[in-house]
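The chain contents come next:
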Amino acid sequence: MPGDSRNSPHLIKKYSNRRLYDTHTSTHVTLVDIRQMVIDEIPFQVVDAKSGEDLTRSILMQIIQEAESDGEPIFSSDMLKSIIRFYGPFQGMLGSYLEKSIQTIIDIQTQTGVQSSQAWSEFMHKQVPVMQNLMQQYIDQSKNLYLNTQNLFGLFGNMPSGGKANRDDTDRKNDDEK
């Protein structure tokens with residue numbers, strides 16, 4: 001194919017009128033077109049036509065938002081709230097975890113040769129109960145490890161209320177003996 005679009009990244013300029021222009025193909029494109037580029041693994045970068053600011057993440061978020069609005073969403077409201085709570089000190093950890101999890105699913109899909117959406121959907125539907133159980137075990141183990149680490153290093157600062165009550169009882173008993 002002349003000028004194979006897979007080798008050189010497409011530069012997509014976003015204009016103030018919100019139109020997107022692919023300089024590689026000299027055509028206007030839509031979010032649907034960019035979504036297809038992602039699916040086809042065609043490299044691209046979206047920039048503001050005037051300032052040159054990289055808008056790729058913003059455009060990808062728009063695509064996700066549209067996909068979430070159509071059909072059955074991936075992210076429930078509770079899940080989105082949980083993700084929002086992770087912004088801050090644990091942001092990097094969650095981002096890395098999600099990225100590795102998604103890459104693992106892609107690797108499984110590649111290794112099993114399951115390419116069609118319908119076949120992949122059927123395969124995953126059969127795997128959901130097993131994967132949910134494994135994920136729950138992993139989450140429980142991660143939570144316990146985190147809490148145990150905090151307790152070990154005294155990051156909570158206070159003993160659990162049961163330990164405090166025992167000390168209070170001992171102090172009262174000592175006061176009574178005096």
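As the structure is a prediction and not an experimental result, all values here were calculated from the model. (Residues numbered from 1 in each chain as written. Predicted model: local features only at pLDDT ≥ 70, side-chain atom pairs only at ≥ 80, totals over all residues. Heavy atoms only, no water.)

**Student:** Break down the nonpolar core for me, citing the residues and quoting the values.
**Tutor:** In this structure, Ile12, Leu20, Val29, Leu31, Ile34, Met37, Ile42, Phe44, Val46, Leu55, Ile59 and Ile63 together form the largest nonpolar core, which totals 12 residues. Looking at this core, the elements with two or more residues in it are α1 (31–39), β4 (44–48) and α2 (56–69). The contact partners of isoleucine 34, leaving out residues within four places of it in the chain, are Ile12, Leu20, Val29, Phe44, Val46, Ile59 and Ile63. (Core = buried A, V, L, I, M, F, W, Y, C linked by side-chain atoms within 4.5 Å. Buried < 20%, exposed > 50% of the residue type's maximum accessible area, 1.4 Å probe, protein only. Helix = DSSP H or I, 4+ residues; strand = E, 2+ residues; numbered from the N terminus. Contact = heavy atoms within 4.5 Å.)

**Student:** Describe the side chain of lysine 14, listing the residues and the values that go with them.
**Tutor:** Examined against the element boundaries, lysine 14 turns out to sit in strand β1 (residues 10–14). Among buried Asp, Glu, Lys and Arg side chains, lysine 14 stands out as unpaired, with aspartate 48 the closest opposite charge at 7.2 Å. Setting aside its immediate chain neighbours within four residues, lysine 14 contacts Arg19, Leu20, Val46, Val47, Asp48, Ala49, Leu55, Ile59 and Gln62. (Lys, Arg positive; Asp, Glu negative; His and termini not counted. Salt bridge = Lys/Arg side-chain N within 4 Å of Asp/Glu carboxyl O.)

**Student:** A description of the pairing of β1 should follow, citing residues and the corresponding values.
**Tutor:** With burial as the criterion, only one face of β1 is covered, namely that bearing His10, Ile12 and Lys14; the residues Leu11 and Lys13 on the opposite face remain uncovered. Where β1 lies against β4, 5 bridges are found, and the strand directions are parallel. Paired with isoleucine 12 across the strands is valine 46, a residue of β4. As defined by bridge partners, β1 adjoins strand β2 (residues 20–22) across 3 bridges and the pair is classed as antiparallel. (Pairing = 2+ DSSP bridges.)

**Student:** Can you lay out α1 for me, pointing to particular residues and giving the numbers?
**Tutor:** Every buried residue of α1 is listed here: Leu31, Ile34 and Met37. Looking straight down α1, one finds its buried side chains confined to an arc of 110°; they lie on one side. Downstream of α1 by a residue or two, glutamate 41 has a phi angle that is positive, lying close to 60°. (Arc of directions from axis to C-beta.)

**Student:** How would you explain the confidence of the model for the protein chain if you had to name every residue and give the values?
**Tutor:** When pLDDT is averaged across the protein chain, the result is 77; 69% of the residues are at 70 or more. For the protein chain, per-element mean pLDDT is lowest for helix α6 (residues 161–177), which scores 47, and highest for β4, which scores 97. Note on residues 1–5: pLDDT is under 50 here. Beyond four places in sequence and across chains, it has 5 contacts. Under a pLDDT of 50 for its full length, residues 161–174 has, in the predicted model, 1 contact with residues more than four places off or in other chains. (pLDDT = per-residue confidence, 0-100.)

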